[in-house]
Every structure is written in C-alpha cells, then in structure tokens.
Amino acid sequence: MAGAKSTDPNVFILPDLGEGVHEAELIKWRVNPGDTVEEHDILAEMETDKALVEVPSPRAGTIAQLHGEEGEICHVGNPLVTYEGGGGEKAKQPRAEGAAKAAPKTETAPEEEREDAGTVVGNLSASPGVSRTEGKALATPAVRRIARDLGVDIDSIEGSGMGGRVTERDVRAVAEGGAPSSRREPEPERAPARREAPDRETEPRHTQRQVAEETSSAALAVKIAGGGVPAPAAGGSQRIPFRGTRRTIAKRLRESMDTAVHFTVMDEAEISALDGVRKQTAAASGEKVSYLPFVVSAVCRALKEFPSLNATVDDEKEEITRHAAVHIGVATDTEHGLSVPVIPDADTLGVLEVGRHITELARLTRERSIPRERLMGSTFTISNVGSYAGRFATPVINYPEVAILAVGRMREGVVADNGAIRVGKLLPLSLACDHRVVDGAEGARCLARIIELLQRPQELLTPVRG
Amino acid sequence: MPTKVIYNAKINQIQILDENGKLDEKLARGGLKDAQVLKLYEHMSICRHYDEVAFKLQRSGRMGTYPQNMGQEAIGAVALAAIRADWMVPCYRENAALFLHGLPMEKILLHWMGDERGNQIPEGVNITPISIPIGTHMLHAAGIAWALKLRKEDAVAFTFFGDGATSEGDFHEAMNFACTLKLPCVFICQNNQWAISVPRSKQTASETFAQKGLAYGAECLQIDGNDVFAVYKAAKDARARALKDGKPTLIEAYTYRLGDHTTADDARRYRDAKELEMWRLRDPLIRTRKYLEAKDLWSDDKQKTLEAKAKEIVTKVVKNAEGIEKPTNDDIFDHTFAELPEEIIRQRDTMHTHSLGQRPEQETLRASARGV
C-alpha cells in the first residue's frame, strides 16, 4: 500500500509522494495552525528528487501543528501535520505526546534529520524556500542532490549541458567558487591542523579527523553537554538542539560505528602481584600511582607483538597504516563531554612517567587548557570505564584507529589457582577491534598477552623502547 | 520490367465535433444521439473528478502510484459503440470506457491501492485487468478475439494502448495474428503525444501511428481522440467491419495527456507549458459541453448539479475502496485460474511454511498435491 499510516487519526504521516520516495523538501506551507481544512485541500508544497508536488489533506479538520520548517528535508513516515482531535480520548492528550506516540520514529529521527538539515540549511539561505517553480533549472535528480549537498542553489546556475541542463561540473564549479552562501557548519580544518602538529615520522598519517576538544571514543558514560538552548516540550521534558560538542561526539561515534566492524573480546587479569608492585612503586617514588599506567605499559608491549592493532585505516585510499610508535589516547570524561588526550610515544616511557603524563593530561583537560596537539594523533585508545562502575564494556573504536581497550573496575574475586581457591584482585578488560583489520584470534591473543604482562608487573616498569 | 505502383496507401483523419463544439452534420449522421452525448458528458465529468481525487489519494498516502486519465475521457465513447458481449482489453488510461462497460469504479482504486481484488472483474463484465507493462495485453486481445471467432460469438475485442506501445514487438505480433487470422479485434492507439517523457518525435519516424497497421492488412485511420462523435463512429464502424469482413482496424486516437504520466512523474520537467495550454483548449469536456449548450441541452444549473453528483459518487467510491476489509495474502491464488494447476496448488499449500523441502510435513503436502 501507499506507505505508513499513523494509528492516530489526528496525525498525518508524510507519505511516499512518488514511487520509492524517502524524503522531500518542504518548499512551502499552505496552511497555518488553527486553519480549518477540507479533505483534499492542499497542505504544503514539497519537492522530491523527481517532482514538485502538492500534498493534500487526507481528511477534514483543524490544523493543530505543522511538523517541519520550510526548507527542511522531511522524511517519509514522519508526522507532517497534526490535526486537532475531534473528541475522544486521544484529543485530550497533549499534542506533542500524541504525535510521538503515533510515530515512534520521531525519537530516532533527529540525528538523521539534523545531518540532512545541516546540508540543506545552506541551500536555503541562498534561496528562501519559496516558489522555485519559476526559472527552474533543468537537471537530473543526481545533480540536484549534489547541489543540495553542496549547499548550492541549482536554480541560480546557468547550465552548460545539453539544452541548458545544469551538469555536475557546473554545480561543483559554483561550489568551489565559494559563491553560495552557506550556513553549513565549517568543515573541521583537516590537513592544515595536521601539518601544524609535531612532525614525527611515526606520526600517524591518517589524522583526518580533527581530534578536537571533543573527540569521539568509547561510548561510555557521556553526559549531555550544555550549550543548547532548552526549549519547553510536553510533560516537563526538554528539547535540546543536537549541536556543538554533543554533535561532534555524535558524528565521530556514528562514523566509527558505520565504518569499523566492531567485535569485542573480554577477560579478567588477576593483578594481585601488580597491586603489590604498584604500592612499592608509589612508596619508593612518593607519587600516587594508579593501575592505569601499568595497563598503558602492558598495552604498549603487547602492541609491539601485535602491530595490526596499533594501526589506523584510510578508508578512502583503502589503506591500513601500521604505526611504529605507540601514541596512547586516554578517553576522559569531562563536564563538557568526552575528550581523548594523547600520551605521545607512550612506548618510550616508564610506568612512573606514564603516570605523570596522565595526571598532567587530566589537569589540562579539566581546565580546558589542553593544547590542540595533545588531543591528536593517538594510535590506540584506552578507556578507563572502571572509575565508576561496570566490569565489561563494548567500547566504540576511536576511528580511524582499529582497536580500543576498556578497563573495568578492579574487584576482589575468588580465583581458582592450581586446584586451590583464593581471593585475588581481578581487573576486567574489554578489547574492541575493527574486524576488517584485526582477526578474531589475533584480538584474543593480544588481550591474552596484555593479561599475561599485567600478571608480571616487574617487567612493566621500564620503557619498551629507549 | 517497367516500374509500376503496386500499393497505394492513404490514411483518413476524422473529426466530427471541432474544438469549438461545432458539429459536422454530414459525418455525424447515424452517429451519437443527443441523449448519448448527454450521458457521455456526465460520465466524462464524473471520470474527471474521479481522476482528480485519485491523484490526491496518492499524494496523501492513501493510494499507490496512479496514472491520470485527464484529457483522454472521450475514449469512453468506445463503450457506447460496444455491446455487452464485447471485450475490453485495456492498458491504464481508459477509465471512461471501462466504467461505461460495467467495471465498478472502486476496482481501479483498489488496483492502485495494491489490492488484488481490484483485478477481480465481476462475472459477466467482459473486461481484462488493467495492464501496466507496456503492450503485453494486445496479444491477449488477439487471443480473445480468436476465441470469439472460434466460438462463433457475435462479439469483438477492443484493445487500448498508447503511442509508445506501438514500438513494442507485441504490437506487431498482435496485429499480424489478428489480421492474418481475420479476427474480430479492434486496436485503439491513444496517441497522447508522450510515452512518459519521450515525445512522439523520438518515438517513431512514421508520419502517423495509424499507418503502422497498413502492412498487416488492417483498416487504418486517425481520429480526433478528443471528439466523442469521431471516437464513437470509428469504434462502431470498426466493430461492424470486424464482424462482417473479419478485418481488424487500427484506430489512432489523436489526443493529449493533460496530466503527468503517473503520480511519480512531473511532466513540467520535460513538456512545454505552451503545448499544455494549447491542448487544454481542446479538452473533450469543454467541446462536448459547448455542443450541448448550443443545443440548449446544458446549463450552469445542470453543471452545478452534475458537479455535486460527481462529488457524491466519487466520495462513495473512495469510501467503498478504503472501507473494504483487508485482503489476505492467500488471494493471490484466487482470481487467475478457473481450476488451479497442480504446481500452483503446491505453492498455495506451502506458502505459509518455509521453502519447499525444508520441512518434512511439506513432503506430505507435495505428495498429496501429486495425488499420491
């Protein structure tokens, strides 16, 4: 049939306006909230990739709410218009709630919509979303799409193609000429930022992502960041625009999940011996020493034996880069959201030095004074999820890296040891790898090696490479 | 050997009622009576409203794709030239003819709503389901006409198709069979100038579509397809010729698609607005009304009453189509065969389980289907 129908008769869901149409740009509303409409009256003008169409009302009623702004891309299956209830229980519900109920999709939609809206808003600032029928450019749907994505008003372009058709080249030329105004979020400066970074041979060549203040990483215990202007919504809920730090985090995580093929191996390390060494080291140095520097040290050693995990992927070039040096990113929870400061060349540091780095990074991050280059270039990330709770996790890889280790909360537990039972200290470890690059057995062997190293802590005190 | 002309061809073009509603009295003789013209006008107007509503049903998510008939309603006159026993083998822009020949109006809506029952034609109504693939059904028409001939029934098969369909091989095969076997078959090409976005000039180098039938030995003519008198006369003459001489006719009805190809199309992207404007003036509704007004058979009051009636009828039809109880998916087996073939019985019986052979109980079913 013609597509999704709302179970709530007061909610009109945007139908497939053609054949296999998934979305349409809202060109113009032809009604306002409060208007009374008859069945078949036109509600809105919308443009699909094939046609400019009028969307009629499926019923008579009074418009309660319009979902979407002119210029917005509306998705088929999401509510377009809510009518005032004509009596019955549903009518007594708050509108927003009614709409949400009728279309559970709305809850998952924002992320998707934002992404699209982001590309379309630029388009609109150039042409304020009205009467595009006149002087309409000739172009194929594919070219229209490219124009839309590049934020170019296609109707303003003089086509060079057959019969004045606007070609892809025309669109790109305008886009590159910087002619169209665009409210698009500025692209993160990629290459330049990277060139400013310390020029090391070992520096990962991938650093496409600008691992800015809010780099993605383990999808763990991230707080909702401030910055958005909360708008009132039904039932005391708040609507927070998906912007700024939160949006960047979301995009990075989305990119990782969409690209890397995640698998996670989990095990516990029995670290009673390590605990002893840790205390000795602390006593000898007079510094506070946590487990984390030992884990970093063990990871650095293991990565020497498993270079495929100390790597980054360049998906565009279809290339894997194995890194000679180990730069450890430490996923850190801050009040502004997730941050991943980096310990460069962690494999050249002893446990105490690693500990000092971590303390320093924690301070800088907290004060938001961390230099940008300290947030870039990691080749492997460790997330210390155990500071709060939780044993095992399925961490999200800090893409384009290929592996991440989540360290759980150390606990005392019963250990079977050579036929005897004793109480040991257990550190849960979860290693997630990109299965495209790392085989399952390899990941498991690497985790086994990390555990083995943690159980022989004396060896961890010195650097891996001098 | 001297050169001599061994074949001469000409194609007649017939227009009886012109764009201004002026009638060629001589040609009109023996044709449509005023009562029939009145009936046709009312019917075409109801079809026009039906078309507009169907379009909106799609746009508001209540129906799937729909091809508008707007501008081609005069084809309905074919049904007046037909008798009940005649067959209609349509494509999808002949609503006016089908409804007049007895097809319940909700059937077309049901079809486009994806309901199999839309293709279930009531017993006694000689219409085949509308055919979406281009040209495939002309062969069915030839086959039906052959059956009519073998059964010595006093009936013909009318088949409808567009200009684009004449570029399909099936058209030529059907014409060849019908003419060679002298079948009572009437081929009606609704040349609406556009095959989706392909203009007539890119469709064929032939000067007319009508002449494509000459080589097969059909009687060929072009008529003004927006002229109900011409449509009626051509269909009536063709019918008589088919029954009397066993000679098929190819009628090119010269018309225009005022709407988009379907609801998935936007003709503004490829058609000149001026062309559309010009054709709007040739609308069959306008000229038929002018004719009736000139004869004092029509008035604004009657028009108002008609519009209200059209609205009432179509509202009811939509209500019926939308109100029908949901279909089960078993019905895909129900309406094609009079007696289900063994293979289809097996498919029906295993449809709700897994693929054949994956479940032991299916072996039993398979055996029972074989009658073992």
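Counting from 1, residues in each chain are numbered in the order their sequence is written. Think of it this way: whatever chain is written first is A, whatever ligand is written first is 1, and the rest follow in order. Local features in a predicted model are, by the rule used here, given only for residues with pLDDT of at least 70; side-chain atom pairs are given and counted only at 80 or more, and totals for whole chains, interfaces and linings are based on all residues.

Enquirer: Just checking my understanding: could you explain the sheet that holds strand β5 (residues 52–56) of chain A for this structure?
Expert: Sheet strands line up and pair through hydrogen bonds in the backbone, either parallel or antiparallel. Residues and elements named next belong to chain A. Pairing is antiparallel across the open sheet formed by 4 strands, whose spatial order is β5-β4-β2-β7. Here the strands that pair on one side only, and so sit at the sheet edges, are β5 and β7 (73–75). When the angles between neighbouring strand axes are averaged without regard to direction, this sheet yields 45°. One requirement defines pairing of two strands: DSSP has to find at least two bridges between them. Only DSSP runs of H or I reaching four residues or more are called helices, and only runs of E reaching two or more are called strands; each is numbered from the N terminus. Sheet topology note: the strand β2 (residues 23–29)/β7 ladder contains 3 bridges and is antiparallel. Convention adopted: a line fitted to C-alpha atoms gives each axis, helices being fitted over their contacting stretch, and angles between N-to-C directions are expressed from 0 to 180 degrees.

Enquirer: Even after reading the chapter, I still don't get the pairing of strand β3 (residues 157–162) of chain B, so can you show me in this structure?
Expert: Put simply, side chains in a regular strand alternate between the two faces of the sheet. Residue and element names in this part refer to chain B. Of all 6 residues in β3, 6 are buried; the element is thus mostly enclosed. Exposure classification rests on a simple neighbour count of other C-beta atoms within 10 Å of a residue's own: a residue reaching 20 or more is buried, one at 12 or fewer is exposed, and one in between is partly exposed. C-beta atoms are placed from the backbone. Burial along β3 is two-sided: A157, T159 and F161 facing one way and F158, F160 and G162 facing the other are all buried. Two elements, strand β2 (residues 87–89) and β3, share 3 bridges in a ladder whose sense is parallel. Of the residues in β3, the one forming a bridge with M88 is F158. Inspection of the sheet shows β3 paired to strand β4 (residues 185–191) by 6 bridges, in the parallel sense. Looking across to β4, one finds that A157 is bridged to C185. Handedness of a crossover is defined as follows: orient the strands so they point away from the viewer, and if the path from the first strand over the helix to the second runs clockwise, the crossover is right-handed. Traced from β3 through helix α7 (residues 169–180) to β4, the parallel crossover comes out right-handed.

Enquirer: So what exactly am I meant to see when it comes to the interface of chain B and chain A here?
Expert: Listed by partner, the interface residues are 16 residues for chain B and 19 residues for chain A. When residues are grouped by polarity, Ala, Val, Leu, Ile, Met, Phe, Trp, Tyr, Cys and Pro land in nonpolar, Asp, Glu, Lys and Arg in charged, and all others, Gly among them, in polar. In terms of residue class, the side of chain B that touches chain A is built from 4 nonpolar, 7 polar and 5 charged. Once C-beta atoms have been placed from the backbone, residue pairs whose C-beta atoms lie within 7 Å are recorded as contacts.

Enquirer: Sorry, what's going on with the packing of helix α2 (residues 34–59) of chain B against helix α11 (residues 284–294) of chain B here?
Expert: Any two packed helices are characterised by the angle at which their axes cross and by the distance between the axes. All names here are of chain B. Interhelical geometry of α2 versus α11 gives an angle of 145° and a closest axis separation of 10 Å. Crossing handedness for the pair α2 and α11: left-handed. Contact residues: α2 offers V37, L38, L40, Y41, M44, S45 and R48, while α11 offers P284, L285, T288, R289, Y291 and L292. Partitioned by chemical class, the residues of the contact of α2 with α11 number 9 nonpolar, 2 polar and 2 charged. Take the far helix as your reference; a near helix turned counterclockwise from it by less than a right angle gives a left-handed crossing, and one turned clockwise gives a right-handed crossing.

Enquirer: Looking at this structure, how should I read the sheet that holds β4 of chain B?
Expert: Residue and element names in this part refer to chain B. Read across the open sheet, the 6 strands follow the order β1-β7-β8-β4-β3-β2; overall the sheet is parallel. Where the open sheet ends on each side, the last strands, each with one partner, are β1 (12–14) and β2. When the angles between neighbouring strand axes are averaged without regard to direction, this sheet yields 25°. With 6 bridges connecting them, β4 and strand β8 (residues 249–254) associate as parallel partners. Across the sheet, residue V186 finds its bridge partner in β8, namely T249.

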